[in-house]
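Analysis of the macromolecular model
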Amino acid sequence: MKARASKNIVLIGFMGVGKGTIARELSRQSKLFAIDCDDLIESLENKKIDKIFEENGERYFRELEKKTAKWLEKNTKNTIISTGGGFYKVENLKKIGIIIYLKSSFDAIFERILHHPNAKHKLAKRPLLKDLKKAQTLFNNRIKEYKKCADITISVENKTPKEIAKEILS
Ligand code: S3P
């Protein structure tokens with residue numbers, strides 16, 4: 001798969017599962033560039049994601065995800081793409097690349113966030129994690145959807161980013 005891959009590798013999964021971290025590790029191991037959908041949206045709007053939610057609302061943000069998805073389909077190949085937790089809903093997802101679902105339990109995701117040295121920021125920048133109960137419901141609803149969209153499902157619990165990236169590339 002390494003340098004000869006022409007398809008993008010698209011990482012999907014719930015907030016905080018480590019899509020960005022794993023994308024960067026994949027990039028290091030494969031020597032392919034990694035880009036992040038939320039970063040693209042923030043640069044397009046010149047605004048942080050939480051501000052977009054606050055000032056323009058979630059529906060507007062979802063439209064930006066669709067726009068990003070179209071751009072990615074048209075303009076990228078050989079690229080590792082990490083996505084926001086709700087990006088899997090875009091119509092053209094499968095056309096962007098090979099879809100890899102990073103799977104983890106809700107508890108393990110929260111453990112990961114809470115033990116992060118920058119936990120406060122990790123929570124604050126994600127408007128949909130503000131209410132734990134709502135986040136749990138969202139998780140329960142989404143896990144089936146992630147699985148349906150995925151070409152490959154990788155369980156990430158109790159594994160290092162290095163191990164996960166190696167597994168994906170093999
Ligand atoms: C969202 C996930 C976030 C970000 C936005 C919405 C979601 O990205 O796109 O807050 O709907 O799950 P991460 O999955 O990187 O936290």
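The coordinates are above.
Here the residue numbering is sequential within each chain, running from 1 through the sequence in written order. Note on the predicted model: pLDDT of at least 70 is required for a residue's local features to be given, and 80 or more for side-chain atom pairs to be given and counted; whole-chain, interface and lining totals, by contrast, use all residues. Hydrogens and waters are ignored; side-chain quantities use all the structure's heavy atoms.

**Considering the pairing of strand β3 (residues 79-82)**
Note on strand geometry: in a regular strand, side chains alternate between the two faces of the sheet. Any residue under 20% of the maximum accessible area for its type is buried, any over 50% is exposed, and the rest in between are partly exposed; the area is computed with a 1.4 Å probe on protein chains only. Helix numbering and strand numbering both begin at the N terminus, where a helix is a DSSP run of H or I of at least 4 residues and a strand a DSSP run of E of at least 2. Neither face of β3 is left uncovered, since the one carrying Thr79 and Ile81 and the one carrying Ile80 and Ser82 both have all their residues buried. One bridge is not enough; two strands pair if DSSP finds at least two bridges between them. Alignment of strand β2 (residues 33-36) against β3, held across four bridges, turns out to be parallel. Bridging from a neighbouring strand, Phe33 pairs with Thr79 of β3.

**Quick notes on the pattern of salt bridges**
Every case where a carboxyl oxygen of Asp or Glu lies within 4 Å of a side-chain nitrogen of Lys or Arg is listed as a salt bridge. For the structure on display, the rule yields 10 salt bridges. Between Lys51 and Glu54 there is a salt bridge; the shortest N-O distance is 3.5 Å. Here the residue Lys51 and the residue Glu54 both occupy positions in helix α3 (residues 49-56), the gap between them amounting to three residues, near one helical turn. Lys148 is the partner of Glu145 in a salt bridge, and the nearest nitrogen-oxygen pair spans 3.5 Å. With a gap of three residues between them, Glu145 and Lys148 both fall in helix α8 (residues 132-149), about one helical turn apart. Given a relative accessible area of 30%, Glu145 falls into the partly exposed group. Ionic contacts of the salt-bridge type, sharing partners, join the residues Glu58, Arg62 and Glu65 into one network.

**Here we look at the site of the ligand**
Think of it this way: one heavy atom of a residue within 4 Å of a molecule or strand is enough to make that residue near it. Not every one of the 14 residues close to the ligand is listed here, only the nearest: Lys19, Asp38, Arg62, Arg126 and Arg142. Nitrogen and oxygen atoms within 3.5 Å of one another constitute a polar contact, given that in protein one can donate a hydrogen and the other can accept it, and given that sequence-neighbouring residues count only through two side-chain atoms. Within the side chain of Lys19, one N or O atom sits 2.6 Å away from an oxygen atom of the ligand. In the model, an oxygen atom of the ligand is placed 2.6 Å from a nitrogen or oxygen of the Arg142 side chain. Under a 2 Å grid-point criterion requiring more than half of the atoms, the pocket assigned to the ligand is the largest pocket. In this analysis a 1.4 Å probe is tested at points of a 1 Å grid over the protein atoms alone, and where it fits but cannot get out there is a cavity; an open set with protein on both sides within 12 Å along at least five of seven lines is a pocket; lining residues have an atom within 4 Å of a point. In this description, a molecule resides in a pocket or cavity if more than half of its atoms sit within 2 Å of the grid points defining it.

**Structural notes on the packing of aromatic side chains**
In this analysis, rings of Phe, Tyr and Trp, with Trp reduced to its six-membered ring, are considered paired at centre separations within 6.5 Å, and the interplanar angle assigns stacked below 30 degrees, edge-to-face beyond 60, and tilted for intermediate values. Counted according to the given criterion, the structure contains seven aromatic pairs. For the ring pair Phe14 and Phe139, a centre distance of 5.2 Å and an interplane angle of 90° mean the geometry is edge-to-face. Residue Phe14 is located in the loop between β1 (8-12) and α1 (19-30), and its partner Phe139 is located in helix α8; the two are separated by 125 residues in the primary sequence. The exposure classification of Phe14 matches that of Phe139, with both residues buried.

**Examining the pairing of strand β4 (residues 97-103)**
With five of seven residues buried, β4 lies mostly within the body of the structure. Relative to β4, β1 runs parallel, the two being bridged by five bridges. By the bridge assignment for β4, Ile12 is matched with Tyr101. Relative to strand β5 (residues 152-155), β4 is paired through four bridges, and the arrangement is parallel. Following the sheet pairing, Lys103 is matched in β5 by Ser155.

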